[in-house]
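# A closer look at the structure
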Amino acid sequence: MSLVELLAVLYSEYLSFDINDPKSEFRDRVIMSKGQGSIAMYAAMHRVGIIKDLSEIGDLLGDGNIYYKQTTRNTDYGIEFSSGSLGQGLAYAVGVAWALKKKNNRASKVYVFLGDGECDEGSVWEAASLAGHLQLDNIVVIIDRNNLQIDGFTYDINRMDMMEERWSAFGFDAVTIDGHKIIEIDRALSFAGAGKPYAIVANTVKGKGISFAENEPEWHQNVLTDDLYNRAILEIRGNNNVAL
Amino acid sequence: MLRYDEGLIGEIHAQGSRGIVGFMLGKLSKLDPRIIAAYADVGSRFGLIQIMGESGLQVSIAEQSLVGIISGICHEGFIPFGVAYAPFITLRAADQIKMSIGEMGLGIKLIGGSAGLATGDLGAASMALDDIAMMRAIPNIMILSPADCFEAAKMIEAASTTDAPFYIRLTGGNNIPRIYNKDYDYRIGKGDVVAETGRDVVIYATGMQVHSSIKAIEMLRKDGIGCTVVNMGSIKPIDEEIICSFADIPLAVSAEEHNVVGGLGSAVADVLAAHAMHQKLVKIGISDEYPQPDTYDNLLNKYGLTPEKIYTKIMNLLFNDR
C-alpha cells in the first residue's frame, strides 16, 4: 500500500509503454527491485490495461502463471526482471541505462523501485555508486521510505537517516517527497535533470489507508479475511471518496 | 567466424590464461558490435582496456554489480561478457548468478581468471577451488574449462555466438603449454581424447591438468601401462557418451585444480552412477580443504597434480590398490 500512489502516477501519467508493443525499444523500463511491491505494480498495470482482466493474475502460484507474489521476468508483459532477492534491481538498471545510451536511445527512462529496508543491502550502494560515476541520467530511483521491515522499524534496525543526502553523496540528484501526495509525486516525476541519475525518497506509510494495517509490522506480510477486506475497502473508499 | 591460420594460433598461444580474454574479445567485438566486455578492475590484467574501447565497461571492484549490470546489458540485446578473477565472479556473486542465469536464463557470459591453484601464493581468498561445485548447482549455465589458450579462444568464440549463459574457468598462469596446435571443430559439451596409449586407465582431466595427465601417461607407457586422457573442457553439460564409452576400462581417474567435492570428478561420478557403470573412480584434486599460501608448483605437488604425482598415484592404484 505504501507504493500505490507512486505507481499510480508513474503508470498513468509518465510511463511510456505501448500495451500493443510491450517490447518496443522506446518503452520506459520499470524494475520492481523490492519484490514485495509486485502486487501493487500489478494493480497499476491493470489500471493502464497491461493486465486486461484481474482474473489474469490468478492465485500467484504454480506453473504457467505470469504474475507471482514477486515478479518473474516476462518481457511480453513489461516485467523486465525477476525480483525477490533484495538489492539486485539497481544493478540491472545500471546495465540497462548504459546499454540504452550505447544504443543512442535517449527516449527511454529506467524506473527502479527500492524499499528502504532493501537499502540495507550493500549491493544497492555498489550499484548506486556506479550509476553516479557513469552519470546515468536516464535512471530514476524511487525509494519507498515506509520505515518498516520484517523485524520492525527501520530506525531500530538500521537507521539509514539522511536518506536523501546519501543518494546525493552517491552522485544523484535527490529529492524527498510525501509519497502519498499526488501533486508531490507528479512534481517529482516531472523533473528532468541532466548528467546525474535521479533519486526520489518517498516518505510513505505501510498499509496506508487501512487503519488496522497502517504502520503495523505484522502487516509486512499477512492475509486479509473477508471481514478485514470489506473493512479495508470501506475505509479506502471513504478516505478517497472514489469508486473502486 | 575467425579464420585460425598458423599465425593466429601462434599469437593465441602466446597470450597466457588472462591475455587471451582481451585478445579474443577485442577481435570478436570488431566482428559483432553487440559483444561487450565489462570488467571488475581487471581490465589491464586481461588486456581489455585499450582493445575494447567503447565496447568495454569498467565496473570497479564490484563483482556482484558486474553480474547485475551485464544482465541489464544482455536484456537490451547485447552479448555481454563479465570478466573478473574466478573466486569473485562466482562465489562472491553467487546470488546474482542464481537470479540472472538460474532464474531468468539471461545469456550472460562469465569469465573467471586465475581459477585453481595459480594464484596460490596469495592464499585461499584468491583461489577458486569451489567455483565448479557452486556453478554446477545453478540451472541453465554451461561450465567450460579450457586445456590451453587455443581451446580458451574457441570457447570464448563459441560463447559469443549463442544465447546461452556461460561460465568459462581459466586455470594456469602466463605460460600455458599447448595441447591444440591446429584448427579443429570445437563442440560445446564434448569431451576430447587428447592422448591414447591403451585402455588400462582413463584419465578425465580439465584445465591445466590435461597437460599434466598427458605427461603422466608418457611415464606410465614406459612401465607398460596403456592410458587414455580425455580433455573434459565442458563440465556442464558433461559428455555422458564419452564417459560411458570408457566405463569398461578398469580404472578411471579425474584430475582437476578444484576441490574433489563437487568438481569434474563428481560430475563424472554422477554419470557413472546414473548409468549403473561399475567403474572405480579416483578423484585427484584439492582434498576438501583450503591450502595455505604457497607457489603454484608447490601446491600442484602437494595435491598430487604434477605428472610425477599422477604417475605415482596410478601406479599405486594398479599395483598396491591404494
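All figures in this text were calculated on a predicted structure; none of them were measured in a lab. (Residues numbered from 1 in each chain as written. Chains lettered and ligands numbered in written order. Predicted model: local features only at pLDDT ≥ 70, side-chain atom pairs only at ≥ 80, totals over all residues. Heavy atoms only, no water.)

## A word on the environment of S33 of chain A
To keep things clear, this is the line we draw: Helix numbers and strand numbers start at the N terminus; a helix is a DSSP run of H or I with at least 4 residues, a strand a run of E with at least 2.
Inspection of the secondary structure puts S33 of chain A in the loop between β1 (29–32) and α2 (38–47). Through-space distance from the C-alpha of S33 of chain A to that of Q88 of chain A is 6.6 Å; in sequence the pair is 55 residues apart.

## Structural notes on the environment of E218 of chain A
All names here are of chain A. To keep it simple, the criterion reads: Burial classes follow relative accessibility: with a 1.4 Å probe on protein chains only, a residue under 20% of its type's maximum area counts as buried, one over 50% as exposed, and anything between as partly exposed.
With respect to the helices and strands, E218 occurs in the loop between β7 (198–203) and α8 (226–240). Under the relative-accessibility criterion, E218 is labelled exposed at 54%. Taking the C-alpha atoms as reference points, E218 and A107, 111 residues apart in sequence, are found 41 Å from one another.

## Here's the deal with the packing of helix α3 (residues 89–102) of chain A against helix α4 (residues 122–133) of chain A
All names here are of chain A. For clarity, the threshold we go by: Angular values range over 0 to 180 degrees, each being the angle between N-to-C directions of two axes fitted as lines to C-alpha atoms, with helices fitted over their stretch in contact. Roughly parallel refers to an angle under 35 degrees, roughly antiparallel to one over 145, roughly perpendicular to one between 65 and 115, and oblique to any angle outside these ranges. In this scheme the handedness of a crossing depends on how the near helix is turned from the far one: anticlockwise by less than a right angle means left-handed, clockwise means right-handed. Contacts are assigned to residue pairs with any non-hydrogen atoms lying within 4.5 Å of each other.
Two numbers describe how α3 lies on α4: the axes approach to 8 Å, and their chain directions differ by 25 degrees. Classed by the angle they form, the pair α3 and α4 counts as roughly parallel. Read as a crossing pair, α3 and α4 show a hand that is left-handed. Along its contact with α3, which presents L90, A91 and V94, the element α4 presents V124, A127, A128, L130 and A131.

## Details of the sheet that holds strand β9 (residues 227–231) of chain B
Residues and elements named next belong to chain B. In plain terms, the rule: Here, any two strands with at least 2 DSSP bridges between them count as paired.
With mixed pairing, five strands are arranged side by side in an open sheet as β7-β9-β8-β11-β12. Two strands in the sheet have a free side with no partner beyond their single neighbour: β7 (192–196) and β12 (280–286). This sheet shows a mean twist of 20 degrees between the axes of neighbouring strands, independent of strand direction. Alignment of strand β11 (residues 251–259) against β12, held across six bridges, turns out to be parallel. By the bridge assignment for β12, V253 is matched with V282. Its contacts with the sheet put helix α9 (residues 209–222) on β7, β8 (201–205), β9 and β11, and the angle it makes with β9 is roughly 175 degrees.

## Regarding the nonpolar core
So the rule is basically this: Nine residue types can take part in a nonpolar core, namely buried Ala, Val, Leu, Ile, Met, Phe, Trp, Tyr and Cys, and a core is a set of them joined through side-chain atoms within 4.5 Å. By convention here, the domain bounds are inherited from an automatic or database domain assignment.
Counting 81 residues, the largest nonpolar core has L90, I139 and W167 of chain A together with L110 and Y204 of chain B as its most contacted members. In terms of residues, this core owes the most to one element, α3 of chain A, which gives 10 residues. Counting contributing residues per domain, this core is built from domain 1 (6–171) and domain 2 (192–319) of chain B, each supplying no fewer than three. Look past the residues within four positions of L90 of chain A in its chain and what remains in contact with it is S33, V112, V124, A127, A128, I139, V141 and W167 of chain A. Counting 70 residues, the second largest nonpolar core, distinct from the first, contains A152, I179, V210 and I286 of chain B.

## Some details on unusual backbone geometry
Residue and element names in this part refer to chain B. For the bond running from K236 to P237, omega is 0 degrees, close enough to zero to count as cis. Along the chain, the position of P237 falls in the loop between β10 (234–236) and α10 (240–245). In this structure, S114 takes a positive phi of about 55 degrees despite not being glycine. Positive phi outside glycine occurs at N140, with the angle close to 80 degrees. Within the secondary structure layout, N140 lies in the loop between α7 (131–136) and β5 (142–144). The class for N140 is partly exposed, based on a relative accessible area of 43%.

## Brief notes about helix α13 (residues 307–319) of chain B
Residue and element names in this part refer to chain B. To be explicit about the condition: Given the number of residues in a helix, its expected span is that number minus one, multiplied by 1.5 Å.
Its 13 residues place the ends of α13 18 Å apart at the C-alpha level, agreeing with the 18 Å of an ideal helix rising 1.5 Å per residue. Against β8, α9, β11 and β12 lie the buried residues of α13. Positive phi appears at D321, one or two residues downstream of α13, with a value of about 50 degrees.

## A word on the domain arrangement of chain B
All names here are of chain B. To be explicit about the condition: By buried area we mean the combined loss of accessible area, with a 1.4 Å probe, across both parts when two parts are placed together.
When cut into domains, chain B gives domain 1 (6–171) and domain 2 (192–319). Relative placement of domain 1 and domain 2: their C-alpha centres are 25 Å apart. Of the residues lining the interface, 30 residues belong to domain 1; the matching set on domain 2 comes to 31 residues. For the pair domain 1 and domain 2, the summed buried surface comes to about 2,300 Å²; carbon and sulfur atoms form 59% of the total.

## Digging into the interface of chain B and chain A
Which entries qualify depends on this criterion: Take a side-chain nitrogen of Lys or Arg and a carboxyl oxygen of Asp or Glu: if they are within 4 Å of each other, that pair is a salt bridge. Each polar contact in these results corresponds to two N or O atoms within 3.5 Å; when the atoms are within protein, one needs to be able to donate a hydrogen and the other to accept it, and residues that are neighboring in sequence are counted only if both atoms are side-chain atoms. Side-chain classes follow a simple rule in which Ala, Val, Leu, Ile, Met, Phe, Trp, Tyr, Cys and Pro form the nonpolar group, Asp, Glu, Lys and Arg form the charged group, and the remainder, Gly included, forms the polar group.
Counting residues at the interface gives 27 residues for chain B, matched by 27 residues for chain A. Taking both sides of the interface into account, the surface hidden between chain B and chain A amounts to around 2,100 Å²; carbon and sulfur atoms contribute 62%. Contact with chain A buries surface across chain B, with H75, E76 and M104 of chain B losing the most and accounting together for 29% of the total. Between the two partners, chain B and chain A, sit two salt bridges. For K103 of chain A, the salt bridge goes to E76 of chain B, with nearest N and O atoms at 2.7 Å. Where chain B meets chain A, there are 10 residue pairs in polar contact (both at pLDDT 80 or more). Where the side of chain B that touches chain A is concerned, the elements lending two or more residues are β2 (56–58), α4 (63–75) and α6 (94–103) of chain B. Here the element with the most residues in the side of chain B that touches chain A is α4 of chain B; it accounts for nine residues. Here the residues of the side of chain B that touches chain A are counted per class, giving 10 nonpolar, 12 polar and five charged.

## Thoughts on the pairing of β7 of chain A
Residues and elements named next belong to chain A. When you tally the buried positions in β7, you get five out of six residues, the bulk of the element. Here strand β3 (residues 139–145) runs beside β7; their pairing, made up of six bridges, is parallel. Pairing of V140 across the sheet is with Y198, part of β7. Bridging between strand β6 (residues 173–178) and β7 involves six bridges; their strand directions are parallel.

## A short note on helix α1 (residues 6–13) of chain B
All names here are of chain B. This is how the line gets drawn: Taking the helix axis as origin, the arc is that swept by the directions to the C-beta atoms.
The set of residues buried in α1 consists of L8, I9, I12 and H13. Seen end-on, α1 carries its buried residues on one side only, within an arc spanning 135 degrees. Check the buried side of α1 and you find it contacts α2 (16–31) and α8 (149–160).

## Some points on the confidence of the model for chain B
We count it as follows: Known as pLDDT, the predictor's per-residue confidence is scaled from 0 to 100.
Chain-level statistics for chain B give a pLDDT mean of 97 and a share of 100% at 70 or above. Scored by ipTM, the complex comes to 0.96, with pTM at 0.96.

## Description of the sheet that holds β6 of chain A
Residues and elements named next belong to chain A. The five strands lie next to each other as β1-β2-β3-β7-β6, forming an open sheet whose pairing is parallel. The two strands at the open ends of the sheet, each matched to only one other strand, are β1 and β6. For this sheet the average axis-to-axis angle between neighbouring strands, irrespective of direction, equals 20 degrees.

## Structural notes on the side chain of S108 of chain A
Residues and elements named next belong to chain A. Within the secondary structure, S108 sits in the loop between α3 and β2 (110–115). Among the polar contacts listed, one links the side chain of S108 to the backbone oxygen of F26, at a separation of 3.4 Å. A polar atom in the side chain of S108 sits 3.2 Å from the side chain of R29. Residue contacts for S108: discarding those within four places in its chain leaves E25, F26, R27, D28, R29, L100 and N138.

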